[in-house]
Each structure stands twice: as structure tokens, then as C-alpha cells.
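So the chains spell out like this:
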Amino acid sequence: MNGVHDLGGTDGLGPVPVEQNEPIWHAEWERAAFAMFSMPFRAGFFGVDQFRYGIEQMHPAVYLLSPYYEHWMHAAEHYGVEKGVLDPADIEERTRYYLENPDAPLPQRSDPELLEFVNAVVPAGAPAGRESDKKAAFAVGDRVTVIDSSPYGHTRRARYVRGRTGEIVLAHGTFIYPDSAGNGHGDAPEHVYTVRFTNAELWGDDVAEPNGSVYFDVWEPYIVPATATEGSAA
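Keep in mind it's a predicted model, so treat the numbers as computed, not measured.

Considerations on the UniProt feature "domain: Nitrile hydratase beta subunit" (unreviewed entry) in the protein chain
As annotated by UniProt and renumbered to match this structure, "domain: Nitrile hydratase beta subunit" (unreviewed entry) occupies residues 127–223. When the span residues 127–223 is considered, its composition is 9% helix and 33% strand, and the gap between its end C-alpha atoms is 24 Å.

What follows is the structure, encoded as C-alpha cells:
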């Protein structure tokens, strides 16, 4: 996406605090937010890429100032309303109740099948590899340039690599294409490559940390063959 949700390479946001002995949950409502993700995900309301796009529907100021699990909760609400299983008026009423009664207990629900699903998916993840008969257009060692355009909707083509040139160092096969799946258009698998960009290519010789590189995974539609004038991957 081309909004504030794309924070890669962004400056001025302050340090990232690392909490010692961080608990799994900082508050009881975070447990509920985690469950809110698990239920619609299991029901097929969204995949991982659509879930990310649901978070990107948040108002920019709210997104930047809200905690992690509030982002999850927003996505679950977004798709719940979209699928017609949640009523916005009911959400507002329930929100107002807990704002007025912050110590009120959260609703309890027992769902052994959901717990079994979570215990299976959380350690293993949700595999994104998909079979495809498409032939790879690129190979390890190729120099490529990331297309410098601003697509509408969800994308994993971060702004800080657009227009930059690097070298393919790994080829992974075909995976769900987030620019299709995230926007509700199906898996549409594409080849994925890991591209090495030098710090100088990304940030410029004057400010880049010397002798460093950034490795970034790209889907094949993100890249084109590099030319001799499109930067250096050395």
C-alpha cells in the first residue's frame, strides 16, 4: 500500500523499545483480539494478505498511535462487517460499554476445535507455497530493478526498494501473490526471489552504512531486468 502503513525505511519514528521479559499478553483484551483473528481466519473470511490489507484500512493516525493487537482487532471487525456477521451499531454499543466499564469481564466462550486449530497453525504457520506451471523469468545471479510505480490497494513491494537495482541470490519457487490475494482476487501464484541490495543503492553513498546489504523478497511481477544505467548491485 502507498499509505503510512508502509514504514520500511521511514525515518523519525523514534526508537523501538525492547521490553525485557516481555509477557505474551499485556492485557486481557489482547487475548480476545488474538481469538478474533483465529475465528474468521479459520472460517475463510480472509487469508494472511487480506488480513494485512484489512489493517491497512485503519485511519493513518489511529494506525500509528495504536498497539499491535488493536490492528488485529480492526482487521477482524473490518471483515466481519464486510461478510455481514457483525453489525457496526453492535460494535459501537459494545465498545461504549467497555469504555464506561473498563473492569467488566470479557465474554467467555469454549471452542475446543478452535483451540486445536490455533495450536496447529501458530507453530507451523500457514504455508503460502502454491504449485504453478509458470516458468521462472529470472535466475540466481541476475541483476534486476524493482518497478517504480505506485499500485493501488495491497502490495508487498515496499516503497524503499522501488526503482532500486540488486542481484538475485535465491529463487524460492511459486507462492501466493499478495497483490492479487490481498485485494481479493485469488492466489495467482508467482515466482519469488530474494534480491540483495547494497546499502549505497538504497540510501545513497553519502548516508549509507558502508559494506552493508539488505535482502528483500520480491514476487516476479515486481521486477524487470536491470540495465547498465539502473544502479549497481556490487
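Read on, since the account is not over.
What to know about the side chain of Ser38
Along the chain, the position of Ser38 falls in helix H1 (residues 28–43). Note on Ser38: relative accessible area 4%, which makes it buried. Within the structure, the side chain of Ser38 is placed 3.1 Å from the backbone oxygen of Phe34, a separation counted as a polar contact. Residues contacting Ser38, with those up to four places away along its chain left out, are Leu114, Phe117 and Val118.

Description of the pattern of salt bridges
According to the stated counting rule, one finds seven salt bridges in the structure shown. The partner of Asp111 in a salt bridge is Arg42, with the nearest N and O atoms 3.2 Å apart. A residue pair is termed long-range when its members are at least 10 positions apart, and Asp111 in the loop between helix H5 (88–100) and helix H6 (112–124) and Arg42 in helix H1 qualify at 69 residues. Residue classification places Arg42 among the partly exposed residues on the basis of a relative accessible area of 34%. Of the charged contacts in the structure, one is a salt bridge between Lys134 and Glu190, with a shortest N-O distance of 2.7 Å. Here Lys134 is found in the loop between H6 and strand E1 (143–146), whereas its partner Glu190 is found in strand E3 (residues 190–198), with 56 residues between them in sequence. Using a relative accessible area of 41% as the deciding quantity, one classes Lys134 as partly exposed.

Let's talk about a nonpolar patch on the surface
Taken together, the side chains of Val4, Leu7, Leu13, Leu64 and Leu65 present a nonpolar region at the surface, about 460 Å² in accessible area. By the element assignment, Leu64 lies in helix H3 (residues 60–65).

Concerning the packing of aromatic side chains
Scanning the model with the defined rule gives 21 aromatic pairs in all. Consider the rings of Phe138 and Tyr193, whose centres lie 5.9 Å apart with planes at 90 degrees: the pair is edge-to-face. Placement of the pair is Phe138 in the loop between H6 and E1 and Tyr193 in strand E3, with a sequence separation of 55 residues. Take Phe138 and Tyr193: they sit in the same class, and that class is buried. Members of the aromatic cluster, connected to one another through ring pairs, are Trp25, Phe34, Phe37, Phe41, Phe46, Phe51, Tyr68, Tyr69, Trp72, Tyr79 and Phe117. If you follow Arg157 out to its NZ or CZ, it ends over the ring of Tyr222, 5.7 Å from the centre.

Digging into the domain arrangement of the protein chain
Domain parsing of the protein chain yields domain 1 (28–124) and domain 2 (142–225). For the pair domain 1 and domain 2, the summed buried surface comes to about 590 Å²; carbon and sulfur atoms form 49% of the total. Among the residues domain 1 hides against domain 2, the three largest losses belong to Asp49, Arg52 and Tyr53. Together they make up 74% of the total. In this assembly, domain 1 and domain 2 are joined by zero salt bridges. Across the contact surface, domain 1 and domain 2 share one residue pair in polar contact (both at pLDDT 80 or more). Classifying every residue of the side of domain 1 that touches domain 2 gives one nonpolar, one polar and three charged.

Some thoughts on the UniProt feature "domain: Nitrile hydratase beta subunit-like N-terminal" (unreviewed entry) in the protein chain
Cross-referencing UniProt, the feature "domain: Nitrile hydratase beta subunit-like N-terminal" (unreviewed entry) maps to residues 1–109 in the present numbering. For residues 1–109, the helix share is 53%, the strand share is 0%, and the end-to-end C-alpha distance is 36 Å.

Focus: unusual backbone geometry
Negative phi values dominate among residues other than glycine, just as trans dominates among peptide bonds. Phi at Asn21 takes a positive value of approximately 55 degrees, unusual for a residue other than glycine. Relative to the helices and strands, Asn21 resides in the segment before H1. A positive phi angle is found at Ala188, which is not glycine, with a value near 40 degrees. Within the secondary structure, Ala188 is located in the loop between helix H7 (178–181) and E3. A residue is classified by how much of its surface remains accessible, and Ala188, at 35% relative accessible area, is partly exposed.

Conventions and cut-offs
Residues numbered from 1 in each chain as written. Predicted model: local features only at pLDDT ≥ 70, side-chain atom pairs only at ≥ 80, totals over all residues. Heavy atoms only, no water. UniProt positions renumbered as here; feature names shortened; annotations may be inferred. Helix = DSSP H or I, 4+ residues; strand = E, 2+ residues; numbered from the N terminus. Buried < 20%, exposed > 50% of the residue type's maximum accessible area, 1.4 Å probe, protein only. Polar contact = N/O pair within 3.5 Å; in protein donor to acceptor, adjacent residues only side chain to side chain. Contact = heavy atoms within 4.5 Å. Salt bridge = Lys/Arg side-chain N within 4 Å of Asp/Glu carboxyl O. Patch = residues over 30% accessible without salt bridge, like charges linked within 9 Å, V, L, I, M, F, W, Y side chains within 5 Å. Areas by Shrake-Rupley, 256 points an atom, 1.4 Å probe, with all protein chains shown as cover. Phe/Tyr/Trp six-rings, centres within 6.5 Å; stacked < 30°, edge-to-face > 60°. Lys NZ or Arg CZ within 6 Å of the ring centre and 35° of its normal. Domains from an automatic or database assignment. Buried area = accessible area lost by both parts, 1.4 Å probe. Nonpolar A, V, L, I, M, F, W, Y, C, P; charged D, E, K, R; others polar.

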